Amino acid sequence: MALLQISEPGESTAPHEHRLAIGIDLGTTNSLVATVKSGMAAALADELGRPLLPSVVHYGPPEHGGHVEVGYEAQAGQSVDPRNTIVSVKRFMGRGLKDIAHIETMPYDFEEGAGMVRLRTSQGVKSPVEVSADILRVLRLRGEAALGGQITGAVITVPAYFDDAQRQATKDAARLAGLNVLRLLNEPTAAAIAYGLDNGAEGIYAVYDLGGGTFDISILKLAKGVFQVLATGGDSALGGDDFDHRIFCWIIEEAKLKPVSPHDGRLLLTHAREAKEYLTYHGVAPITVRLGSGEYVDLKLTTEIFAGITRTLVQKTLQPTRKALRDAGLGPEEVKGVVMVGGATRMPQIQQAVAGFFGQAPLNNLDPDKVVALGAATQANLLAGNRAAGDDWLLLDVIPLSLGMETMGGLVEKVIPRNSTIPIARAQEFTTFKDGQTAMALQVVQGERELVSDCRSLARFELRGIPPMVAGAARIRVTFQVDADGLLSVTAREQTTGHEARIEVKPSYGLTDDEIAAMLKDSYSHASEDAFRRALREAQVEAQRLIEAVQSALREDAQLLSQLERAHIDACLAKLQAVMIGDDRRAIDEAMDALGKGTAEFAARRMNNSVQKALSGRKVEELDR
Amino acid sequence: MTSFDLNFARQDHFQLFGLPRTYALDGDALERLYRDVQARVHPDKHAHRGDADRRIAMQWATQVNEAYRTLRDPLLRARYLLHLGGHDPKIETNTAMPAEFLMRQMELRETVAEARAAGDAARLDDLHRQMRKEMAAQHEELRRALDEAHDYARAGEVVRQLMFQEKLHSEIDDALAAVEA
């Protein structure tokens, strides 16, 4: 359920209206928001007409009012106050201190925190989730201003190679920013949607997505409106930033600089990035910088030198590309087209490497900065229920990394292999090691290696209350369920004796609903009256949505119900309609719950019926009017 | 949670797609049916509906993915058919294999180890292809044993061998990844 949707109290949403939905590309370097207006996906620009929002957040000093600046204005101040100006926060999402590359060159004041690092800023300790939420909030407000109303929901994109911790962190950030997350969507898949729908593409396509801080490769099969991801691979810590860093190191070496201050470091990185971008269209980039230390840098970086110092980075992208193709059971020659995504794919050495590998010129006819947001907006529009005729496409995505359990000796037993189509559920049985053992420690890991120590630990939990038995007699059934967002939940249960010791866990780094609610409350300085009205308004919107869905189901399939069943549903509907105009939040929740329960069997029958129609070869359009 | 009358709970994977319960299978038809059914049950198609619909959609989509994954893969399909027929291939306990088969596997294993040590990606690629060919022959043998001869003991034997071969096949994958790194 949506945590928070903001609109002016009293503002009404007419039924059957076009639902406002947005797609957000939360990038390492830049972020974007897009929406579908009159059938066309378009990026939304700020008041100065700029669609990109640099993913930079500046926490200003409390003595000057404690402003939070996001985007260009934060970027402008980054060399003045580097410690409190957070760039590329995406690299820290769901990551501990030891996971972060080049941490010694970063100007931040890090500390280790639960599940991921924290940053000490002039406005207190911030988690990467909070910093990302500050970026998302600006985009949400931009969306609301442009669309002139309350947003039903958002699709947020994540790198396909993001693991469970990184996905959960992204979802938490979106909720913290007051967004109802319709779906987390993989970035290359979003690009494939935008490309495929625009070009009516059919066949096997590869999406090569090199962003600011992440690399993804996805192999998809496009056929008759179905986008099926066959395999995905990547490196969630490889991107354009690393190319900047290579130039940065080259400058220090060539100019024989002494260890640089945080301020000079940021200055040099900015110049490195500019040189990289300049080389896309020129053969030589001049680099001249006067440092705070008084040192002077005057260098010329040629395309050849740049290609030379970044060759290993380029090769690092081809390795997962080979692996993904092999996982899909395909050779490079079977790929019909290679869609290029992400600003970093503009670099000539990337273009050449990809062309060489696939034996064909890559497809560059989409704006690599915008295509992901446009695909996300298209998906958001569909998920919100704004389906137009001909919009009947479907997305089948996969999990990027295998999920497993620790067994004796620190080994990993894979439960769900990588590249499994989601949603997926898989159960595995484990047993006790000692006679009379009544508890069991379970560790859930993600990764491809055989040793637990080489994989990422997602959750540790204990199953207690196992009846004492001889070693090996207990049967503990552990079920993994991965939903359509690629997020995992785990259930464990002892089943020999019928005694149910059942536990359900979400991986531990995710914030609970209560924590999010508390953080949200803190972040709004409004009186509690406003918070109350907002919650009420949210329940009313939710109730209205449910009523519409049930009414539309009744129009289509009322014949599946007996008179008695129909009467019960009608009564539940009437009850909800009666209470939703009042201000009793609990009564609305209860009536919604009753209507949900009262229509569950109906929903099950509708689904059975729908599948039967598919099997008997009827047209899909009949049902999805 | 109350369980509802969902069709898939009463059906095996073949019935779910309305396909005959045989090893031989029209892969294109399976894929088409999978897409058609998934187009109706997938959570994305029900994202704007109530909780009950979304939960049922997730259960259906999960089951449809599982059925498709099982039927599409020749080894999993054979094991599933044996399971449906009540024939246990005794994967854990019966490790007996013909000497000739074992010799061949050892030979291949050695070649893989050599190629890996030498960093010879082209050789590993060749072995990968070779393995796939040998496995395809086993799939044909499974079809004969299951659909024609109804010789489930023989099918069980081939299943055990194929599991061996698939493991080696994935080891070649790992070797390739290591060599290319």
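Rules used in this analysis
- Residues numbered from 1 in each chain as written.
- Chains lettered and ligands numbered in written order.
- Predicted model: local features only at pLDDT ≥ 70, side-chain atom pairs only at ≥ 80, totals over all residues.
- Heavy atoms only, no water.
- Helix = DSSP H or I, 4+ residues; strand = E, 2+ residues; numbered from the N terminus.
- Rg over C-alpha atoms; globule rule 2.2 N^0.38 Å.
- Buried < 20%, exposed > 50% of the residue type's maximum accessible area, 1.4 Å probe, protein only.
- Contact = heavy atoms within 4.5 Å.
- Lys, Arg positive; Asp, Glu negative; His and termini not counted.
- Charge placed at Lys NZ, Arg CZ, Asp CG, Glu CD.
- 1 Å grid on protein atoms, 1.4 Å probe; cavity = no way out; pocket = protein on both sides within 12 Å on 5 of 7 lines; lining within 4 Å.
- Points joined across faces, edges and corners; volume = space filled by probe spheres on them.
- pLDDT = per-residue confidence, 0-100.
- Pairing = 2+ DSSP bridges.
- Axes fitted to C-alpha atoms, helices over the stretch in contact; angles between N-to-C directions.
- Polar contact = N/O pair within 3.5 Å; in protein donor to acceptor, adjacent residues only side chain to side chain.
- Buried area = accessible area lost by both parts, 1.4 Å probe.
- Salt bridge = Lys/Arg side-chain N within 4 Å of Asp/Glu carboxyl O.
- Nonpolar A, V, L, I, M, F, W, Y, C, P; charged D, E, K, R; others polar.
- Parallel < 35°, antiparallel > 145°, perpendicular 65-115°, else oblique.
- Left-handed = near helix turned anticlockwise from the far one by under 90°.

Draft legend 1. Representation of the overall build of chain B. From N to C terminus, chain B includes seven helices and zero strands. Since a compact globule built from 181 residues should have a radius of gyration of about 16 Å, the 20 Å found for chain B marks it as more spread out than a globular shape. If you line up chain B on its principal axes, its C-alpha atoms span 60 × 45 × 30 Å. Split into buried and exposed, the 181 residues of chain B put 47% on the buried side. The contacts in chain B between residues at least 6 apart in sequence include a share of 69% that link residues at least 24 apart. Averaging the locations of the 26 positively and 32 negatively charged side chains of chain B gives two centres separated by 5 Å.

Draft legend 2. Region of the structure containing empty space enclosed by the protein. Residue and element names in this part refer to chain A. The tally for this structure, following the rule as stated, stands at four cavities of 30 Å³ or more. Roughly 130 Å³ of internal volume is contained in the largest cavity. Lining the largest cavity are 18 residues, and of these R183, L184, D397, I422 and A484 sit closest to its centre. Of all the secondary-structure elements, those providing two or more residues to the lining of the largest cavity are strand 12 (181-186) and strand 19 (394-396). Of the residues forming the lining of the largest cavity, the biggest block, four residues, is contributed by strand 12.

Draft legend 3. Focus on the confidence of the model for chain B. Residues and elements named next belong to chain B. When the pLDDT values of chain B are averaged, the result is 90; 96% of them are 70 or greater. Helix 4 (residues 74-84) holds the highest mean pLDDT among the elements of chain B, 96, whereas helix 7 (residues 152-180) holds the lowest, 91. The ipTM assigned to the predicted complex is 0.88, against a pTM of 0.87.

Draft legend 4. Region of interest: the sheet that holds strand 24 (residues 456-463) of chain A. Residues and elements named next belong to chain A. Overall, antiparallel pairing links the four strands, which are arranged 21-20-23-24 in an open sheet. The open sheet has two edge strands with one neighbour each: strand 21 (411-416) and strand 24. Between one strand axis and the next, the sheet turns through 30 degrees on average, direction left out of account. Pairing of strand 20 (residues 403-407) with strand 21, which is carried by five bridges, proceeds in the antiparallel orientation. Paired with E406 across the bridge in strand 21 is V412.

Draft legend 5. The side chain of Q446 of chain A, seen in detail. Residue and element names in this part refer to chain A. With respect to the helices and strands, the residue Q446 is situated in strand 23 (residues 440-446). At 2.9 Å, the side chain of Q446 and the backbone nitrogen of D164 are in polar contact. Non-local contacts of Q446, meaning those with residues more than four positions away in its chain, are made with D163, D164, L401, S402, L403, C455, R456 and L458.

Draft legend 6. Expanded view of the interface of chain A and chain B. Taken together, the contacts link 50 residues of chain A with 47 residues of chain B. Interface area, chain A with chain B, both sides summed: about 4300 Å², of which 52% is carbon and sulfur. Remark: the boundary between chain A and chain B carries four salt bridges. R183 of chain A is paired through a salt bridge with D44 of chain B; the nearest N and O atoms lie 2.3 Å apart. Applying the counting rule to chain A against chain B returns 14 residue pairs in polar contact (both at pLDDT 80 or more). Secondary structure elements with two or more residues in the side of chain A that touches chain B: strand 14 (215-223), strand 15 (226-235), helix 8 (311-328), helix 10 (371-383), strand 19, strand 22 (424-430), helix 12 (528-557) and helix 14 (585-615) of chain A. The element contributing the most residues to the side of chain A that touches chain B is helix 14 of chain A, with 14 residues. Considering only residue class, the side of chain A that touches chain B consists of 24 nonpolar, twelve polar and 14 charged.

Draft legend 7. A look at unusual backbone geometry. Of note, the bond from I422 of chain A into P423 of chain A is cis; its omega dihedral lies within 30 degrees of zero at 0 degrees. You will see that H150 of chain B, though not glycine, has its phi angle at about 50 degrees, which is positive.

Draft legend 8. Examining the packing of helix 2 (residues 128-147) of chain A against helix 3 (residues 164-176) of chain A more closely. All names here are of chain A. At a minimum axis separation of 8 Å, helix 2 and helix 3 run at an interaxial angle of 50 degrees. One way to sum up the angle between helix 2 and helix 3 is to call them oblique. Seen along the crossing, helix 2 lies across helix 3 with a hand that is right-handed. Taken together, the residues of helix 3 that come into contact with helix 2 (itself represented by V129, E130, S132, A133, L136 and R137) are A169, D172, A173, A174 and L176. Among the residues forming the contact of helix 2 with helix 3, the class breakdown is seven nonpolar, one polar and three charged.

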